[in-house]
Amino acid sequence: MIITGEALIGGVAVKGTGSPVRAYNPSLQQPMEPEFHAVDFDQIDQACRLADAAFDTFRALSDEKRAVFLETIGEQIMALGDVLVERVMAETGLPRARIEGERGRTVGQLKLFANLLREGSWNDVRIDKALPDRAPPRPDLRMRMIGLGPVAVFAASNFPLAFSVAGGDTASALAAGCPVVLKAHSAHPGTSELVGRAVVKAVELCGLPAGVFALLTGSGNGIGQELVRHPAIKAVGFTGSRSGGTALMAVAAARPVPIPVYAEMSSINPVFLMPRALAARAEDIAGAFAGSLVLGVGQMCTNPGLVIGIAGPELDRFANAAAQALAGGAACAMLSPGIAGSFQRGVAQLAEHADVKTLALAPQAEGKGAPALFVTSGAAFLSQHALSEEVFGPASLLVACKDMAELRQIAESLEGQLTATLQLDDGDLDEAHKLLPVLERKAGRILANGFPTGVEVCSAMVHGGPFPSTSDGRSTSVGTGAIVRFLRPVSYQNLSQALLPEVLRDNGPVVWRRREGELTRN
């Protein structure tokens, strides 16, 4: 498949009329062909209007037909073969094994939502039959979930497949019956076009309206803001920076009809080193921590950017072992020059901070990121908010607390996080019990004796958390719960069986239903 540099609107490839942009190969540090042009406002309007026109037809499809559509997208992605893998590698600097694994995760997500559609629980069917003899009488009430409408999805830079064109936001929105208008990330436009063409091919093969999916090209804030402002768009899925996410939230809130923005933004993923665990296995914990920190050159939203423990010989053992593991790390290409520059500025600020000591700082290089580890006191961390800001890349800050009371105080001071990790042994359980309620308020996922990198795609996963880790802490962007973001409930009162949606009829399909308060499978 040839990459042409075109957007995809209404099932047709179209040239943008705006400013040009090219992909950049971070490994070779040079721009790539072809040239992509930004779509104009008329093209954005066309994509959104087509999505709106396709909505009722698409959401009325049977669960089986939408499931087949999702599986067909996965098949078309796999059919791209090495053409896709090699383009992703060139645009991101990520190794083949990582890309192939991420491709598998992307296809797996599509299959996960296909299975959810067939199982039926996503409908959240609730039935309370009429009680005509009750005083006052109760009407017949039946509830199901329906899609919100067309969804604007913004591709992420750090997961060019799994959080991009056919990633989790797109998969969950399409599963909900919502057409998707996707803004391709300017760091990997060729990857986006290839996957976008796979989605368009699946739309065609499944006989769906062409407006079910569109791919918009270009860089800058104007395209995204215009897309979010469009009255046809009913929700937004975003993964990126806090500044980008909050800007879209402001646009969505200022609309005549505000819409929800589900943005994953910023997290430093604290790791708490409990005393008994630290005393028993400081060096082992340090080695695993170092591996987690540098995974993907630290460019994952779940890298452990903050480690907290009690000052003393045991914490010194951890610090020394971690520093030794990180100091010899090589500088590796980061996803883009902008990300690399931001990382190096963040590292320099920590290295020059009066209350921070450098434990390990591998040599940096242009366009690359090398491991860095710093340490500060609990008092300094509590008094200076800047020390809690995310440095996106393979850098982490160790906080040495004077006692457990200060450790809990630091936990209370943290912003919302995607994850919080406890390294603990049986002797730490009492202190962990005291800390757990705080972590439940602060994070969407709590781990024991592991590290947060590696997000399992399954029903029980939560990849979300209180602000600013996400814009809405009630949601997740990974796992089957992600579909809830793009659904809303509708209740039907005293409608005849002929008028009721099939899933609500007495002889409806086999799904999970809540009748009279009891969950049953019918």
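Every chain is numbered independently, its residues counted from 1 as its sequence is written. Two thresholds apply to this predicted model, a pLDDT of at least 70 for residue-level local features and 80 or more for giving and counting side-chain atom pairs, whereas whole-chain, interface and lining totals are computed over all residues. Values shown for side chains rest on all heavy atoms present in the structure; no hydrogens or waters enter the calculation.

In the annotation of an unreviewed UniProt entry, the entry for the protein chain reads Aldehyde dehydrogenase family protein, and the organism field reads Duganella vulcania.

## Some points on the packing of helix α1 (residues 41-59) against helix α7 (residues 221-229)
Axis angles are defined between N-to-C directions and span 0 to 180 degrees, where every axis is a line fitted to C-alpha atoms and, for a helix, only to the segment in contact. Helix numbering and strand numbering both begin at the N terminus, where a helix is a DSSP run of H or I of at least 4 residues and a strand a DSSP run of E of at least 2. For the pair α1 and α7, the least separation of the axes is 10 Å and the interaxial angle reads 35°. The handedness of the crossing between α1 and α7 is right-handed. Together, Phe-41, Ile-44 and Cys-48 of α1 and Gly-222, Ile-223, Glu-226 and Leu-227 of α7 make up the contact between the two elements. Each helix crossing is assigned a hand: it is left-handed if the near helix lies turned anticlockwise from the far helix by less than a right angle, otherwise right-handed if that turn is clockwise. Whether two residues are in contact is decided by their heavy atoms, any of which lying within 4.5 Å being enough.

## Some points on the packing of aromatic side chains
In this analysis, rings of Phe, Tyr and Trp, with Trp reduced to its six-membered ring, are considered paired at centre separations within 6.5 Å, and the interplanar angle assigns stacked below 30 degrees, edge-to-face beyond 60, and tilted for intermediate values. Applying the stated criterion across every chain yields a total of six aromatic pairs. Between Phe-58 and Phe-69 the ring centres are 5.9 Å apart and the planes differ by 90°, which places this aromatic pair in the edge-to-face class. Separated by eleven residues along the polypeptide, Phe-58 in helix α1 and Phe-69 in helix α2 (residues 63-79) bring together distant segments of the chain. The exposure class of Phe-58 is buried, given its relative accessible area of 0%. Owing to a relative accessible area of 0%, Phe-69 belongs among the buried residues under this scheme. One aromatic cluster in this structure is built from Phe-289, Phe-318 and Phe-451. For a Lys NZ or an Arg CZ to count as sitting over a ring, it must be within 6 Å of the ring centre and within 35 degrees of the ring normal. Against the face of Phe-55 rests Arg-59, its NZ or CZ located 5.4 Å from the ring centre. Burial classes: relative accessible area under 20% of the type maximum marks a residue as buried, over 50% as exposed, and values in between as partly exposed (1.4 Å probe, protein chains only).

## Topic: the pairing of strand β20 (residues 395-401)
The two faces of the sheet receive side chains in turn, since in a regular strand these alternate between them. Counting buried positions over the seven residues of β20 gives six, a clear majority of the element. Where strand β19 (residues 372-377) meets β20, six bridges bridge the pair, whose relative direction is parallel. Within β20, the residue paired with Phe-374 across the bridge is Leu-397. The handedness of the β19 to β20 crossover, carried by helix α12 (residues 378-383), is right-handed. A pair of strands counts as paired when DSSP detects no fewer than two bridges linking them. Seen with its strands pointing away from the viewer, a crossover is right-handed if its path from the first strand over the helix to the second goes clockwise.

## Points about the nonpolar core
Side-chain atoms within 4.5 Å are what join buried Ala, Val, Leu, Ile, Met, Phe, Trp, Tyr and Cys residues into a set we call a nonpolar core. Grouped together as the largest cluster of nonpolar side chains are 96 residues, with contacts concentrated most on Phe-69, Leu-70, Ile-73, Ile-77, Leu-182, Phe-213 and Phe-272. Counting only domains with at least three residues in this core, you end up with domain 1 (15-265 + 472-486) and domain 2 (270-448). Once you skip the residues sitting within four places of it in the chain, Phe-272 turns out to touch Ile-308, Leu-407, Ala-411, Leu-414, Thr-421, Leu-422, Gln-423, Leu-435 and Leu-439. If you look at the next biggest cluster of nonpolar residues, it comprises 27 residues, including Ala-7, Val-39, Ala-51 and Ala-252. Segmentation into domains, and thus their bounds, comes from an automatic or database assignment.

## With respect to the side chain of Thr-453
Along the polypeptide, Thr-453 turns up in the loop between β22 (443-448) and β23 (487-493). By relative accessible area, Thr-453 is classed as buried at 15%. At a separation of 2.7 Å, a polar atom in the side chain of Thr-453 contacts the side chain of Ser-292. Among all residues touching Thr-453, those that are not within four sequence positions of it are Ser-292, Leu-295, Met-300, Thr-302 and Asn-303. Nitrogen and oxygen atoms within 3.5 Å of one another constitute a polar contact, given that in protein one can donate a hydrogen and the other can accept it, and given that sequence-neighbouring residues count only through two side-chain atoms.

## Focus on helix α3 (residues 82-92)
Among all positions in α3, only Leu-84, Val-85, Arg-87, Val-88, Ala-90, Glu-91 and Thr-92 are buried. The inward-facing, buried residues of α3 abut β4 (24-25), β6 (36-37), α2, α4 (96-119) and α6 (189-205). Downstream of α3 by a residue or two, Gly-93 has a phi angle that is positive, lying close to 75°.

## Some details on the environment of Asp-426
Checked against the element boundaries, Asp-426 lands in the loop between β21 (417-423) and α14 (429-442). When its relative accessible area of 67% is taken as the criterion, Asp-426 is described as exposed. Taking the C-alpha atoms as reference, Asp-426 lies 30 Å from Leu-359; in sequence the two are 67 residues apart.

## Digging into empty space enclosed by the protein
Here a cavity denotes grid points, spaced 1 Å and computed from the protein atoms alone, that fit a 1.4 Å probe unable to get out, and a pocket denotes an open set having protein on both sides within 12 Å along at least 5 of 7 lines; residues with an atom within 4 Å of a point are the lining. Grid points are joined across faces, edges and corners, and a volume is the space filled by probe spheres set on the points. Taken as a whole, this structure holds three cavities of 30 Å³ or more when the rule is applied. Size it by volume and the largest cavity reaches roughly 60 Å³. For the largest cavity, the full set of lining residues is Phe-238, Tyr-262, Ala-263, Glu-264, His-463, Thr-470, Ser-471, Asp-472, Ser-475, Thr-476, Ser-477 and Arg-485. Looking at the lining of the largest cavity, the element that brings in the most residues is strand β13 (residues 261-264), giving three residues. Broken down by class, the residue content of the lining of the largest cavity amounts to three nonpolar, six polar and three charged. Under this grouping Gly is polar, as are all residues other than the nonpolar Ala, Val, Leu, Ile, Met, Phe, Trp, Tyr, Cys and Pro and the charged Asp, Glu, Lys and Arg.

## Section: the layout of surface pockets
Quantified by volume, the second largest pocket comes out at close to 500 Å³. Considering the residues around the second largest pocket, the lining is formed by 23 residues, among which Leu-61, Ser-62, Asp-63, Arg-144 and Val-503 are closest to the centre. Elements with a minimum of two residues in the lining of the second largest pocket: α1, α2, α4 and β8 (141-147). The biggest single contributor to the lining of the second largest pocket is β8, with four residues. The residue inventory of the lining of the second largest pocket, partitioned by class, reads twelve nonpolar, three polar and eight charged.

## Some points on the pattern of salt bridges
Just to be clear on terms, a salt bridge is a Lys or Arg side-chain nitrogen sitting within 4 Å of an Asp or Glu carboxyl oxygen. Scanning the entire structure with this criterion turns up 26 salt bridges. Here Asp-56 makes a salt bridge to Arg-59, at a shortest N to O gap of 3.0 Å. Within this pair, Asp-56 and its partner Arg-59 are both found in helix α1, separated by three residues, close to a single helical turn. According to the relative accessible area criterion, Asp-56 is partly exposed, its value standing at 47%. With a shortest N-O distance of 3.9 Å, Glu-226 and Arg-229 are connected by a salt bridge. Of this pair, Glu-226 and Arg-229 both sit in helix α7, separated by three residues, roughly a single helical turn. The network of salt bridges with shared partners includes Asp-82, Glu-86, Arg-96 and Glu-100.

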